[in-house]
Amino acid sequence: MERLGKILANAGVASRRASARIIKEGRVTVDGEVIREPGARFDPFACQIRVDGKPVTVSTCEKKTYIMLNKPKGYVSTVHDPQGRLTILDLIPLTDTRLFPVGRLDRDTEGLLLLTDDGHATYVLTHPRFGIEKTYVAVVKGTPGEDELNQLRRGVRLQSGHMSSPAVVRLIKAYGSSASVEIKIGEGRKRQVREMFNAIGYPVKSLTRTHLGELSIGDLKVGSWRYLTQTEESWVRKMAARSEEGIRSCKRIS
Ligand code: URA
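Going along each chain's sequence as written, the residues are numbered from 1 onward. Where local features are concerned, this predicted model is filtered to residues with pLDDT of at least 70; where side-chain atom pairs are given and counted, the filter is 80 or more; whole-chain, interface and lining totals use all residues. Only heavy atoms go into the side-chain values, all of them from the structure, while hydrogens and water stay out.

(A) Broad picture of the confidence of the model for the protein. Looking at the protein, the pLDDT average stands at 89 and 93% of residues meet or exceed 70. Counted against residues more than four places away or in other chains, residues 246-254, with its pLDDT under 50, gives 26 contacts. You can read pLDDT as the predictor saying how much it trusts each residue, on a scale of 0 to 100. Every residue pair with non-hydrogen atoms within 4.5 Å of one another is taken to be in contact.

And the structure:
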């Protein structure tokens, strides 16, 4: 949701100040209704906005920020923690954007966490209905055999009672008392990977997310962050565009 004045300015209608004036003059309609408050918020992709009767083309190239973080253990994946624990924003000293994590990683999980101010991207990348694949490497206690890995592949019952959806699973290496296993899932219930391994009797000792869809943590160091490359950003934007199909109504919230 964005302020109407900002939407017009981003769409190149006029400067922020001039857009506010145009709105106050009653020249702007949103879904047919005249709106005179520049601060009223709308979803620009879900509304038909007109200035003097002419439709405003909302650019999907509006500047959004996309940051990949290699989250270390010990940080919570929220922007504010009432208990005063370290949060991921302690690792990213940016003050000029309102970034939110795309989904969550447990405090004791490491790896790829995307942060953005793009609500459409967040929706598509996290909602199970879009099935965006997340890849994890789990180091587990003991070495699961093919029978147990097949249970994960087919689906196991989680504590909530839900069955996990089919997963892609492969044993990477057995070390004797532990093993590392790669697991790809299209959903992201709370502590899902840990619960899945618990369900087959091989508790997780450490967990790292290596991929989110086409994004890969690559050689980004634990605790470091970077902006997405152009190719990565185009993929995220392509995903974000999928959400527009699902949004039909224009929700005014102020
Ligand atoms: N599954 C988990 O169990 N933990 C995470 O942090 C992410 C997925």
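Having seen the model, we can carry on.
(B) View of the sheet that holds strand 5 (residues 49-51). The sheet built from 4 strands is open, its strands ordered 3-2-5-6 with antiparallel pairing. Looking along the sheet, the strands with just one partner apiece sit at the ends: strand 3 (33-34) and strand 6 (54-55). Summarising the sheet, strand 5 and strand 6 pair through 2 bridges and their orientation is antiparallel. From the neighbouring strand, Val51 faces strand 6, where its bridge partner is Lys54. At least two DSSP bridges between two strands are required for those strands to pair. Secondary structure elements follow DSSP: runs of H or I of four or more residues count as helices, runs of E of two or more count as strands, with numbering from the N terminus.

(C) How the structure looks around the site of the ligand. Lining the immediate environment of the ligand, one finds Leu105, Asp106, Thr109, Tyr136, Arg191, Gln192, Val193, Arg194 and Leu207. We define a polar contact as two N or O atoms separated by no more than 3.5 Å, with the added condition that, inside protein, one atom must be a possible hydrogen donor and the other a possible acceptor, whereas residues neighbouring each other in sequence contribute only through side-chain atom pairs. Here a nitrogen atom of the ligand sits 2.7 Å away from a polar atom, N or O, in the side chain of Asp106. Here an oxygen atom of the ligand sits 3.3 Å away from a polar atom, N or O, in the main chain of Arg191. To be clear on the numbers: accessible area is Shrake-Rupley with a 1.4 Å probe, and residue cover counts the displayed protein chains and nothing else. When the ligand sits alone it has 240 Å² of accessible area, and the protein chains cover 97% of it. It is helix 5 (residues 192-199) that contributes the most residues to the shell around the ligand, 3 residues altogether. Three residue categories are used. Nonpolar comprises Ala, Val, Leu, Ile, Met, Phe, Trp, Tyr, Cys and Pro, charged comprises Asp, Glu, Lys and Arg, and polar comprises the others, including Gly. A class-by-class count of the residues in the shell around the ligand yields 4 nonpolar, 2 polar and 3 charged. Domain borders in the structure are assigned automatically or taken from a domain database. Each of domain 2 (66-128 + 215-242) and domain 3 (133-212) gives at least three residues to the shell around the ligand. In this text, near means that some heavy atom of the residue lies within 4 Å of the molecule or strand in question.

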